[in-house]
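Residues per chain, in single letters:
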Amino acid sequence: MFELLLAGIENVVHLKYLVPLFLGTLVGLIGGALPGVTITMTIIIVLPFTFGMDPLQGLATMTGVYVGGSAGGAITAALIGIPGSPSAITTTFDGFPMTQKGQPGRAIWLGIWSSCFGGLLAGIFLIGATAPLAAIALEFGPWEYFSLFVFALSMVAGLTEGSLVKGLLSGTIGLAITIVGFDPIMSVPRFTLGSEFLRSGFPFLPVLIGIFAFAQLMTDIEKMNKSEQTNAPIKAPPLTVSHHKVLWEIISRPFLFVWSTLVGILIGVLPAIGGSAATVMAYDQAKKFSKHPERFGKGNPEGIIASEASCNANVGGSLVTIMAFGIPGDAVTAVMLGAMTIHGIQSGPLFVSQHPTIAYGIYAAYLLAHPIMVLICALGARLFLRVVTVPKSMLIPNVLVLCVIGAFALNNIMEDVAVLLLFGVVGYALVKARFPLAPLILGLILGDQIEVNLLRAIMSDPDPWLFFTRPISGFLLALSVGSVIFALWQHRRQKGRVKESEDPDF
Amino acid sequence: MTRDGIAGLICLAVAIGMLVLTRGLPQSSFVPIGPDFYPRIVLIIMVVLSVILIASDVLRKRKSAADTPTGAQSPAEKRNYRLVGITFSVFAVYVVLLPLLGYRLATLIFIAALQGVFQPPHGARGWILLLVSALATTVLTYVVFEHYLSVLLPRGNWTGW
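Residues numbered from 1 in each chain as written. Chains lettered and ligands numbered in written order. Predicted model: local features only at pLDDT ≥ 70, side-chain atom pairs only at ≥ 80, totals over all residues.

**Description of the overall build of chain B**
No. 1: Across its full length, chain B holds five helices and zero strands.
No. 2: Going from the N terminus to the C terminus, chain B shows its helices and strands as α-α-α-α-α.
No. 3: In chain B, which comprises 161 residues, the proportion classed as buried is 27%.
No. 4: Excluding contacts between residues fewer than 6 apart, the proportion of contacts in chain B whose partners are at least 24 apart in sequence is 64%. (Helix = DSSP H or I, 4+ residues; strand = E, 2+ residues; numbered from the N terminus. Buried ≥ 20, exposed ≤ 12 C-beta atoms within 10 Å, placed from the backbone. Contact = placed C-beta atoms within 7 Å.)

Spelled out as structure tokens, the structure:
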């Protein structure tokens, strides 16, 4: 394994991969730092640029975006008190007060170094855990796969805030989108309404881009007022700081750091819930374990460390799920999964053994992205604040154009762009109806796999009880029932306090 | 009926419509389960969930009417739905124009138009800024994608460009 990893690093260090990785990390940092541009948005913007690259170049770029984006949120969060991405909200709680006390350098570098170490620690987990998990998954038959996917869906539907019925319905809508097109056994076209284009089903990436991009952008546009357009340039304070002291502040709190990282990894491994859940939970945990919980929210370094370490550890965790099982850990990895399939790579338990060069290349890119991220921040953290002043009126049209290129360039057909628009409307309507989008995306991704495995299972043995009597499959199905019951119980307990957001949850 | 109920009704209608479509699907003589097997499961689940959503909405309505007639909405922030409608329309026009005018012309018009909608330009400086940024994006994306990333962008049927 170490030889493979070293070979992977040796491979990625070549300029051919290092340049895309560097650019990806840079764009990720900028996207992460820009309020209103989430990491998902950034990766959608970057997607069309990767079509012409070789698979590893493309994936290295996206890994860079992911790592950079997770750290970038801290910059604006700490310096101007506005989270650059949703997952950085908890960094504003203590980062901004610290800046106001005249220690902007300490605030930002605590964030960056915690991100870096949290991410690297998660990297060890990523490399160590993927292969064993994939090995377990290799033992799976179609029954187990079916049950695993059902479990993933029900858990995500239950975990999302708001109504359980809507979460489940959202997941079902995702599944319903995938039943359009050829059936997997006899290739009978279904629900195509005579359309030649729909015979192969709705194309995955245009649907995904449409739902995510429009749900996000239109929600921003709703809040646009003519008055807020005149953004005054923000003056960046000097960020000089003693790095020894900052590093010591992190190292002298090993329990806090490791625990936050573990929380981040765990949330990352769980499918389709991402960074913001991780940071909120880690921050909450840090507060609970702290001897001085009253100091939180007033510039406590522990708050920044917990938030940022878990944020980047979440990236490593998400990558585990996608590499070992082919299930995306969140929206960003969903787009990466789509990009992999474009390059003809089937993710899943066979991925690591079938494509070791790419798999270890991704590990290497992930590990290298962290020092690159620190380097870029050291060179230009203050410059990122300039980018923040780009008005949304300029940003949104450009983002939409890149979405169109992303949808079109896949197959060079305009129908894909029409699908983008159609699902843009659907995604926005769902957000307005306060449906969580994460289950829908997961249903969309897993739909075909669920059907194929269900049919395979029944064709190899028509006994439906096998889904329950095969131990792993039965256990997974029991877990999915359990997760729904748990969600019901939790909702009942919080009755009246359940908040449904009208903003997209990613 | 609130948003939940309406959303539920739409989901219900779509699911039932698709269920009707599964009736015409051919069956195979040597495969025990046909191409309609899995879709029906998904759609029936969708029907059940939609009905639950509608029912809970109607029941909650009755309950909350009995308690206090408070709307769930807070009037704290006014949302600019007009702008959303315009953005969708401008984007739809762009999608239609793209294959007719070609990427370069359509994108130039789209960016200028949308940016103009978001922030109406004031005076000559505003217009110049608008056109320059639209032109810059168009040229930059075109050059980068066509020349460096081997991504072909749409050509116009009308313009051939």
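Back to the write-up after that little detour.
**Let's talk about the overall build of chain A**
No. 1: Looking only at helices and strands, chain A has 21 helices and two strands in total.
No. 2: Relative to a compact globule of 506 residues, whose C-alpha radius of gyration would be 23 Å, chain A shows 22 Å and is just as compact.
No. 3: With the principal axes as the frame, chain A shows a C-alpha extent of 70 × 55 × 50 Å.
No. 4: Burial statistics for chain A: of 506 residues in total, 61% are counted as buried.
No. 5: Once local pairs closer than 6 in sequence are excluded, the contacts in chain A between residues at least 24 apart make up 79%. (Rg over C-alpha atoms; globule rule 2.2 N^0.38 Å.)

**Focus: the domain arrangement of chain B**
Quite often, the size of an interface is put as the accessible area lost when its parts meet.
No. 1: Per the domain assignment, the segments making up chain B are domain 1 (3–66) and domain 2 (92–148).
No. 2: Once you take the C-alpha centre of each, domain 1 of chain B and domain 2 of chain B turn out to be 43 Å apart. (Domains from an automatic or database assignment.)

**Brief notes about the environment of Gly-482 of chain A**
No. 1: Along the chain, Gly-482 of chain A turns up in helix H21 (residues 471–493).
No. 2: Spatially, the C-alpha atom of Gly-482 of chain A lies 39 Å from that of Gly-58 of chain A, the residues being 424 residues apart in sequence.

**Topic: the interface of chain A and chain B**
No. 1: Opposite the 49 residues of chain A that make contact, chain B presents 52 residues.
No. 2: Mapped onto the side of chain A that touches chain B, the elements with two or more residues apiece are helix H3 (39–50), helix H8 (164–178), helix H9 (204–222), helix H17 (392–408), helix H18 (414–432) and helix H19 (438–460) of chain A.
No. 3: A class-by-class count of the residues in the side of chain A that touches chain B yields 36 nonpolar, six polar and seven charged. (Nonpolar A, V, L, I, M, F, W, Y, C, P; charged D, E, K, R; others polar.)

**Digging into helix H6 (residues 104–138) of chain A**
No. 1: Over its 35 residues, H6 of chain A runs 49 Å from end to end, which matches the ideal 51 Å to within 8%, given 1.5 Å per residue.
No. 2: At Ala-129 of chain A, H6 of chain A shows its maximal bend, which comes to roughly 35°, and the proline Pro-132 of chain A appears one to four places after that position. (Expected span 1.5 Å × (residues − 1). Bend = angle between axes of the 7 residues up to and from the residue.)

**Quick word on the packing of helix H11 (residues 254–269) of chain A against helix H13 (residues 301–325) of chain A**
Any two packed helices are characterised by how steeply their axes cross, that is the angle between the axes, and by the distance between the axes.
All names here are of chain A.
No. 1: Interaxial distance between H11 and H13 falls to 6 Å at its minimum, and their mutual angle equals 35°. The element H11 and its partner H13 pack so that their crossing is right-handed.
No. 2: In terms of residue class, the contact of H11 with H13 is built from 14 nonpolar, 10 polar and one charged. (Axes fitted to C-alpha atoms, helices over the stretch in contact; angles between N-to-C directions. Left-handed = near helix turned anticlockwise from the far one by under 90°.)

**Topic: unusual backbone geometry**
No. 1: Even without glycine at this site, Leu-193 of chain A takes up a positive phi of about 50°.
No. 2: Positive phi, close to 45°, is recorded for Ser-150 of chain B, a residue that is not glycine.
No. 3: Among the structural elements, Ser-150 of chain B can be located in the segment after helix H5 (123–148).

**Here's the deal with the packing of helix H7 (residues 142–159) of chain A against H19 of chain A**
Residues and elements named next belong to chain A.
No. 1: Packing of H7 against H19 brings their axes to within 8 Å, and their N-to-C directions diverge by 160°. Classified by the angle between their axes, H7 and H19 sit roughly antiparallel to one another. Relative to H19, the crossing made by H7 is left-handed. Between H7 and H19, the residues in contact are Pro-142, Trp-143, Tyr-145, Phe-146, Phe-149, Ala-152, Leu-153, Val-156 and Ala-157 and Ala-438, Pro-439, Leu-442, Gly-443, Leu-446, Gln-449, Ile-450, Asn-453, Leu-454, Arg-456 and Ala-457, respectively.
No. 2: Its residues placed into classes, the contact of H7 with H19 shows 16 nonpolar, three polar and one charged. (Parallel < 35°, antiparallel > 145°, perpendicular 65-115°, else oblique.)

**Here we look at the confidence of the model for chain B**
Regions with low pLDDT should not have their predicted coordinates read in detail.
No. 1: Here chain B averages 86 in pLDDT, while 89% of its residues score no lower than 70.
No. 2: For residues 68–76 of chain B, every residue scores under 50 in pLDDT, and the model assigns this stretch zero contacts once sequence neighbours within four places are set aside. (pLDDT = per-residue confidence, 0-100.)

**A word on the environment of Tyr-66 of chain A**
No. 1: By secondary structure assignment, the location of Tyr-66 of chain A is in helix H4 (residues 55–80).
No. 2: Along the chain, Tyr-66 of chain A and Val-374 of chain A lie 308 residues apart, while their C-alpha atoms are 14 Å from each other.

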